[in-house]
Amino acid sequence: NLHMLLTSFYQPSKDRYKIIMEDAAFCSDHHVIQSQVKLRGLDTKASIITIKPREGSHTLSTKDILDCIEKHGEELALVFLGGVQYYTGQ
């Protein structure tokens, strides 16, 4: 259960509260992340960062994921990526 998992692992602080997730994750994954952010009294738009594939690509590049982590690292509380991307099989 993702809610139970995030209750344990998503422990935002004043400085580290952002979550990185793929833009095309399961709808239910988006709902879980949004509800966990709201449960902690945080703004979803400020707290959730979504990663999309580069234009012309259908899959996320490792470089883009790492660049996003580097860019937001000081504010990052969690990276939430599924084991298999259900649109592409990545």
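It should be noted that the structure appears before, not after, this text.
Since the model is a prediction, treat every value here as computed from it, not as a measurement.

Draft legend 1. Quick peek at helix 2 (residues 27-39). Across its 13 residues, helix 2 extends 18 Å between first and last C-alpha, which sits within 8% of the 18 Å expected from 1.5 Å per residue. The inward-facing, buried residues of helix 2 contact helix 1 (2-9), strand 1 (18-22), helix 3 (44-47), strand 2 (48-51) and strand 3 (76-80). Phi turns positive one or two residues past the end of helix 2, at Gly41, with a value near 75°.

Draft legend 2. Here's a closer look at the environment of Glu74. Mapped onto the elements, Glu74 comes out in the loop between helix 4 (62-72) and strand 3. Residues Glu74 and Arg40, spaced 34 residues apart in sequence, show a C-alpha to C-alpha distance of 19 Å.

Draft legend 3. Representation of the packing of helix 1 against helix 2 in the model. Orientation of helix 1 relative to helix 2, taken along the N-to-C sense of each, is 40°, at an axis distance of 10 Å. In terms of orientation, helix 1 lies oblique with respect to helix 2. For the pair helix 1 and helix 2, the sense of crossing is right-handed. On helix 2, the residues that touch Leu2, His3, Leu6 and Thr7 of helix 1 are Asp29, Val32, Ile33, Ser35 and Gln36.

Draft legend 4. How the structure looks around the environment of Val32. Note on placement: Val32 falls in helix 2. Sequence-wise, Val32 and Lys63 are 31 residues apart; in three dimensions their C-alpha atoms are separated by 26 Å. When residues no more than four places from it in sequence are discounted, the contact partners of Val32 are Leu2, His3 and Leu6.

Draft legend 5. Spotlight on the side chain of Lys18. Structurally, the position occupied by Lys18 is in strand 1. The residues touching Lys18, leaving out its near neighbours within four places in the chain, are Ala46, Ser47, Ile49, His72, Glu75, Leu76, Ala77 and Leu78.

Draft legend 6. Highlighting the pattern of salt bridges. Across all of its chains, the model carries three salt bridges by this definition. Arg54 is the salt-bridge partner of Asp64, the closest N and O atoms lying 2.8 Å from each other. On the criterion of sequence distance, the pair formed by Asp64 in helix 4 and Arg54 in the loop between strand 2 and helix 4 is long-range, its members being ten residues apart. Lys63 is paired through a salt bridge with Asp67; the nearest N and O atoms lie 2.7 Å apart. Note that Lys63 and Asp67 are positioned in helix 4 at a spacing of four residues, about one turn of the helix.

Draft legend 7. The arrangement of the environment of Thr50 in detail. Tracing the sequence through the fold places Thr50 in strand 2. Residue classification places Thr50 among the partly exposed positions, given a relative accessible area of 33%. Each C-alpha atom of the pair Thr50 and His30 lies 9.9 Å from the other, and the pair is 20 residues apart in sequence.

Thresholds applied
- Residues numbered from 1 in each chain as written.
- Predicted model: local features only at pLDDT ≥ 70, side-chain atom pairs only at ≥ 80, totals over all residues.
- Heavy atoms only, no water.
- Helix = DSSP H or I, 4+ residues; strand = E, 2+ residues; numbered from the N terminus.
- Expected span 1.5 Å × (residues − 1).
- Contact = heavy atoms within 4.5 Å.
- Axes fitted to C-alpha atoms, helices over the stretch in contact; angles between N-to-C directions.
- Parallel < 35°, antiparallel > 145°, perpendicular 65-115°, else oblique.
- Left-handed = near helix turned anticlockwise from the far one by under 90°.
- Salt bridge = Lys/Arg side-chain N within 4 Å of Asp/Glu carboxyl O.
- Buried < 20%, exposed > 50% of the residue type's maximum accessible area, 1.4 Å probe, protein only.

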